[in-house]
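Examination of the molecular architecture
Letter by letter, the chains look like this.
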Amino acid sequence: MPNDPMAEIRASFFIECEELLESLQDGLTAMDDGDTDSETINVCFRAVHSIKGGAGAFGLEDLVRFAHRFETVMDEIRNGRLEPTRDTIALFFRGADVLYDIVRASRDGESLDTATTEAVLGDLEALVGGVIEEEEAEEEIDFAPMTLSLDPIDDDSADAPVEATPPGLLIRFHPAAELFSSGNEPRHMLAALRDLGEITTTCDFSMLPALADLVPEEGSIGWEVSIATNAKKEEAAEVFEFVDGLCELSIEATGTPSAGLPDLDSIVIPGTVDDGEAPEAASGEEPEPDPEPEPVAATPTPPPEAAPTPAAKPVPAPAAKPQAAAPAGGKDSKQAAGGAKATVRVDLDRIERLVNLVGELVINQAMLSQSVAEAGIPANSAVSSGLEEFLQLTRDIQESVMMIRAQPVKSLFQRMSRIVRESSAMVGKSVRFITDGEQTEIDKTVIERLADPLTHMVRNAVDHGLETTEGRIAAGKPADGVVTLTAAHKSGRVVLEIKDDGGGINREVVKAKAEEKGLIPPGVPMSDQEIDNLLFLPGFSTAKEVSDLSGRGVGMDVVRSSIQALGGRVTITSEPGIGTTFSISLPLTLAVLDGMVVEAGGEILVVPLGSISETLTLQASDMEQLGAGTQLVRIREEFVPILDMAEKLGFRSPLASYEGSSVLLIAMEDNTRSALVVDRIVEQRQVVIKGLQESYGRIPGIAAATILGNGRIALILDPADLIASAGSSRTMPALDLAG
Amino acid sequence: MTTPDDNAHDPTRQELLSFHVGTQEYSIDIISVREIRSWTEATPLPHAPPYVRGVINLRGTVLPIIDLAKRLGIAAGEKNDRNVIVVVQSGDDTVGLLVDAVSDIFAVSEAELQAPPDMSSDGSLKCVRALTIHEERMLRVLDLAAVLPNVDAEAA
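The residue numbering used here restarts from 1 in each chain and proceeds along that chain's sequence as written. As they are written, the chains are lettered A onward and the ligands numbered 1 onward, keeping that order. The predicted nature of this model means local features are confined to residues of pLDDT at least 70 and side-chain atom pairs, given and counted, to a pLDDT of 80 or more, with totals for whole chains, interfaces and linings taken over all residues. Working from all heavy atoms in the structure, the side-chain values ignore hydrogens and water.

1. As for the overall build of chain A
- Only DSSP runs of H or I reaching four residues or more are called helices, and only runs of E reaching two or more are called strands; each is numbered from the N terminus. The number of helices and strands found in chain A is 26 helices and 22 strands.
- A simple rule labels every residue: compare its accessible area, found with a 1.4 Å probe on the protein chains alone, to the largest value its type can have, and call it buried under 20%, exposed over 50%, or partly exposed in between. Relative to its 739 residues, chain A shows a buried fraction of 43%.
- Of all intrachain contacts in chain A linking residues separated by at least 6 positions in sequence, the fraction that spans at least 24 positions is 70%. The contact criterion used throughout is that any non-hydrogen atoms of two residues lie within 4.5 Å.

Given below as structure tokens:
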């Protein structure tokens, strides 16, 4: 694959598509917020147009077909013939979703469910009344053979078009290298010119160097095209709109104006008067060039294309104010998109290697520090202070390297806005989706693995978090529900929040349901927090209650475990009548872990700090025996089973008494707790995670490995896995839950 | 020791690294040898087969160590400073083989290798690919792929 240049170009086209789709989303969001100036609309249009262009080059017909129609409808807005109403923009969002799907499907070579595509196409067509079909037909002709002359221009033939008396245009077009490198294709432009009338092309070889000097990437030939047409210069210029500045271009009107045909300038003024009302495409463009400059120049900000329908202007402005104020990130993102930062595309493997090397450096530095300490070198010596600086540098390098893999959560948030659109349409609720902190950066791998849990939670917020529209009105709330998704860095972690302004968790219902399912014993008093956490219990809901979307509670256990697999925590806060908030707290990177270094059975192990809720020392008075082999410890009116870590890992046989041992209290996803016995708690420190699976394979109860300051390898425990495997070997039915 | 260049041109000749495991002498194709390093204490892995000594830190890589004597089911000599780890690569897997001591590098041609006797009752024999004679001593040539544990299957 890497040696296939075509595959590489194709791959980079799809990467570009992702970027274009992102800017399309940005543009649409801006439009939705009331920013319908021509530049915003142009950004959207150009994104779709560029995707279409690339797709054409790769023969992705589905993509071309959809993008073409989409683009045509957008063009109507660009030309001011269609108003960017909320409904239209909502349809554009759906169009962008479909475009995204088709891009994905084309990339992965999958087939797509055409029902949605066709539905959106139908709606798009309805918007412009079937115009697209006609253009589509023209597009077909695109495949008809076209003769491009490669005959050099000699002076006589160059004069030939001028000799012709019928009106026409003479276009001299010489593409520059940038035109090709930006993915444009002269053939398409020449083909578009053909639509204007009968064309005669001659090839201009004048700049063609000798073969030995030829740089194939640079355009060395140009064309001279004469068109027998009544079309205006501007129409021909439009064909070259997207290569402006990427070619040398001259367009002149030729032909001798006969008595019956008014000359170019004279046609314009009457045209405005006569055809101003007519919806035809051709007449809409005619009046544009000349009559406009004067009135527009009077206004402080000249919108070059918004003028034709004056009615379009006042619509967005008042609606914009309240919404635009809400997401402050909106403005930021627009700026970020505008002032494009220089970026480098790097193979992930290379970064991976750098991350590993830095991990090495960190370990080596720790080893060096240890040796220096052991050598008894005084703290104020040159060696010690040099080491101190080295330490600081290492930490800086480590952070910088980790930041390479970091990406803004923006793409993730855009996906979520789609989820909100789809799920709100499905349950018939009107939902406003607000995001903040889109530029917050997280490790790329974390972003990828967050998509599923977030999707689930966002759906839940729409489906179960928000009341029905009637319910909201009855409760005296605005009819539109609000779902807010935010991201922020907080004390070395990333915190994501999914908030709805719905009715909050109905705790009585939740508790009753849990009792009914036998998940908790009936009649036990529980705190609000405990009841909320019941949502995370596996099997809290069953298929019966699942609506079209998944129900809150269904799969929340899966959400929690996937977040925990990322070293994160998820918590719920809910207030009746006000809403519910899910907070996800994640480490900045998956490469480094906050761990508790412990000793068990003479071996050093690392337990992820996130899974430890507290540590304590076992006292005889708190311990109870249950049955033959199970020991329990009483922690604040709760009995927690004791697990001997060293024994579970097979490092030694069980001890007769665990009195005086140190214990790590581990809270599991399902809210059960276990007390892990260790010999000794050594220290709390950050460790660099090293995979074990690649070199050895999976070990039950062990998540990964790390290298300690003395160069030895220590295993990183997977407490949930260890406890789960212990639970299956012993019989502890529902005991931990009832406790 | 024989210099490697002597036999480089004979395509059927291969170079072997020989080492002691207990009282026996074994060898492996030198192509698969990445490096030889001194013995360091390994971190034991829970639930591992007895011949897996654990893992060590090889410049930041987690390297599993196989106790070759235990793998072959033979009595090992006393552990001492001459014990070494032969880091070998087979396919994508890199592991360390714990042996008593490395003895020689020598070249043999394919013709000098003879098939081991078919003793299917002795499981450890499947690790031996061939036998050969070097300086009047019998040398066992290991089949590296058979020596390395199929960890994925065992973990499952």
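2. Here we look at the environment of L97 of chain B
- Tracing the backbone through its elements, the reader meets L97 of chain B in strand β7 (residues 93-99).
- Ignoring sequence-local partners within four residues, the contact set of L97 of chain B consists of I28, I66, L68, V84, I85, V86, V88, L144 and V147 of chain B.

3. Some thoughts on the interface of chain A and chain B
- Contacts between the two partners involve 21 residues from chain A and, on the opposite side, 21 residues from chain B.
- Taken over both partners, the interface formed by chain A and chain B buries close to 1,800 Å², and the fraction arising from carbon and sulfur atoms is 64%.
- For any pair of parts, buried area is found by adding up, for both, the accessible area (1.4 Å probe) each one loses once the two are put together. Of all residues in chain A, S695, Y696 and I713 of chain A give up the largest surface area on contact with chain B, accounting jointly for 37% of the area buried on that side.
- One side-chain nitrogen of Lys or Arg within 4 Å of one carboxyl oxygen of Asp or Glu is enough to make a salt bridge. In this structure, the connection of chain A to chain B is made through zero salt bridges.
- N or O atoms within 3.5 Å of each other form a polar contact, as long as, within protein, one can give a hydrogen and the other can take it, and as long as residues adjacent in sequence are counted only when both atoms are side-chain atoms. One can count three residue pairs in polar contact (both at pLDDT 80 or more) joining chain A with chain B.
- Listing elements by their share of the side of chain A that touches chain B, those giving two or more residues are β21 (702-707) and β22 (713-717) of chain A.
- In this classification, the charged set is Asp, Glu, Lys and Arg, the nonpolar set is Ala, Val, Leu, Ile, Met, Phe, Trp, Tyr, Cys and Pro, and all remaining amino acids, among them Gly, are polar. Of the residues belonging to the side of chain A that touches chain B, the class tally is eleven nonpolar, four polar and six charged.

4. As for the side chain of D97 of chain A
Residues and elements named next belong to chain A.
- Take D97: it is sitting in helix α4 (residues 86-108).
- Judged by relative accessible area, D97 falls into the buried class, the value being 5%.
- Beyond its immediate chain neighbours, meaning those up to four positions away, D97 contacts Q25, R418, R421 and E422.

5. Focus on the sheet that holds strand β13 (residues 603-608) of chain A
All names here are of chain A.
- Any two strands with at least two DSSP-identified bridges between them are counted as paired. Pairing in this open sheet of five strands is mixed, and the strands run β20-β12-β13-β22-β21 from one edge to the other. Edge positions in the sheet fall to β20 (680-688) and β21, since each has one partner strand and no second. Averaged over all pairs of adjacent strands, the angle between strand axes in this sheet comes to 35°, irrespective of strand direction.
- Alignment of β13 against β22, held across two bridges, turns out to be parallel. Residue pairing in the sheet places L605 in a bridge with L715 of β22. Inter-axis angles, ranging from 0 to 180 degrees, are taken between N-to-C directions of lines fitted to C-alpha atoms, where helices are fitted over the stretch in contact.

6. Describing unusual backbone geometry
- Here the phi dihedral of R636 of chain A falls at roughly 45°; this positive angle occurs in a residue that is not glycine.
- Looking at where R636 of chain A falls in the secondary structure, it is placed in the loop between β16 (630-635) and β17 (638-644).
- Classification of R636 of chain A by relative accessible area gives exposed; the value is 58%.
- A positive phi angle is found at H47 of chain B, which is not glycine, with a value near 60°.
- Within the fold, H47 of chain B resides in the loop between β3 (33-38) and β4 (52-58).

7. Some words on the sheet that holds strand β15 (residues 623-626) of chain A
Residue and element names in this part refer to chain A.
- Across the sheet, which stays open at both edges, the six strands sit in the order β14-β18-β19-β17-β16-β15 with mixed pairing between neighbours. Two strands close off the open sheet at either side, each with one partner strand: β14 (612-617) and β15. Here the average twist between neighbouring strands, direction ignored, is 35°.

8. Here we look at a nonpolar patch on the surface
- Residues enter patches when they are more than 30% accessible in relative terms and free of salt bridges; like-charged ones are connected within 9 Å and nonpolar ones (Val, Leu, Ile, Met, Phe, Trp, Tyr) within 5 Å. Using the Shrake-Rupley algorithm and a 1.4 Å probe, accessible areas are obtained, with residue cover drawn only from the displayed protein chains. Taken together, the side chains of L208, L211 and L214 of chain A present a nonpolar region at the surface, about 290 Å² in accessible area.
- You can call L208 of chain A partly exposed: its relative accessible area is 40%.

9. Looking at the pattern of salt bridges
Residue and element names in this part refer to chain A.
- Taken as a whole and judged by the stated rule, the model has 36 salt bridges over all chains.
- Residues R636 and E614 are paired through a salt bridge, measuring 2.6 Å at the closest nitrogen-oxygen approach. A residue pair is termed long-range when its members are at least 10 positions apart, and R636 in the loop between β16 and β17 and E614 in strand β14 qualify at 22 residues.
- A single salt-bridge network, built from bridges that share partners, covers D97, D101, R418, R421 and E422.

10. Considering helix α21 (residues 507-516) of chain A
Residues and elements named next belong to chain A.
- For α21, the set of buried residues is R507, V510, K511, K513 and A514. Buried residues of α21 fall within an arc of 160° about the axis and therefore sit on the same side. Facing away from the buried side of α21 by more than 90 degrees, the exposed set consists of E508 and E516.
- Against the buried residues of α21 lie α22 (528-533) and β10 (569-575). Of all possible arcs, the one meant is that of the directions from the helix axis to the C-beta atoms.

11. Regarding helix α9 (residues 186-194) of chain A
- Buried within α9 of chain A are the following residues: P186, M189, L190, A191 and L193 of chain A.
- Residues of α9 of chain A that are buried make contact with β1 (168-175), α8 (177-181), β2 (198-204), β3 (222-228) and α10 (233-239) of chain A.

12. Remarks on the packing of α4 of chain A against helix α5 (residues 114-128) of chain A
Residues and elements named next belong to chain A.
- In contact at an axis separation of 10 Å, α4 and α5 are set at 145° when each is read in the N-to-C sense. The way α4 lies across α5 gives a crossing that is left-handed. Where α4 abuts α5, its residues T88, L91, F92, R94, G95, V98 and I102 lie against T116, T117, A119, V120, D123, L124 and L127. Less than a right angle of anticlockwise turn of the near helix away from the far helix marks a crossing as left-handed, whereas a clockwise turn marks it as right-handed.

13. Describing the pairing of β21 of chain A
Residues and elements named next belong to chain A.
- Along β21, five of the six residues are buried, which leaves the element largely enclosed by surrounding structure.
- Two strands pair when backbone bridges link them, and β21 and β22 are joined in this way by five bridges, in the antiparallel orientation. Within β22, the position partnered with I702 by the bridge is L717.
- In sequence, β21 turns back onto β22 through a hairpin of five residues, with G711 there showing a positive phi of about 90°.

14. Brief notes about the confidence of the model for chain B
Residue and element names in this part refer to chain B.
- Chain-level statistics for chain B give a pLDDT mean of 80 and a share of 79% at 70 or above.
- Here pLDDT means the predictor's own confidence in every residue, given as a number from 0 to 100. Across residues 151-156, where pLDDT falls below 50, the model places seven contacts with residues more than four positions away in sequence or in other chains.
- Model confidence for the complex: the whole-complex pTM is 0.51, and ipTM, which rates the interface, is 0.78.

15. Some remarks on the packing of helix α16 (residues 348-374) of chain A against helix α17 (residues 382-405) of chain A
Residue and element names in this part refer to chain A.
- Running from N to C, α16 and α17 cross one another at 160°; their axes reach a closest spacing of 10 Å. Judged by the angle between their axes, α16 and α17 are roughly antiparallel. Note that α16 runs across α17; the crossing there is left-handed. Together, I351, E352, L354, V355, V358, L361, V362, Q365, L368, S369 and V372 of α16 and V383, S384, L387, F390, L391, T394, I397, Q398, V401, M402, I404 and R405 of α17 make up the contact between the two elements.
- Among the residues making up the contact of α16 with α17, the classes are represented as 16 nonpolar, five polar and two charged. Orientation categories follow fixed angle ranges, with anything under 35 degrees roughly parallel, anything over 145 roughly antiparallel, 65 to 115 roughly perpendicular, and all other angles oblique.

16. Regarding the confidence of the model for chain A
All names here are of chain A.
- Here chain A averages 75 in pLDDT, while 78% of its residues score no lower than 70.
- Scored below 50 in pLDDT, residues 257-262 shows three contacts in the model against residues more than four places distant or in partner chains.
- Here residues 728-739 is modelled with pLDDT under 50, and outside its nearest four sequence neighbours on either side it reaches 20 contacts, counting other chains as well.

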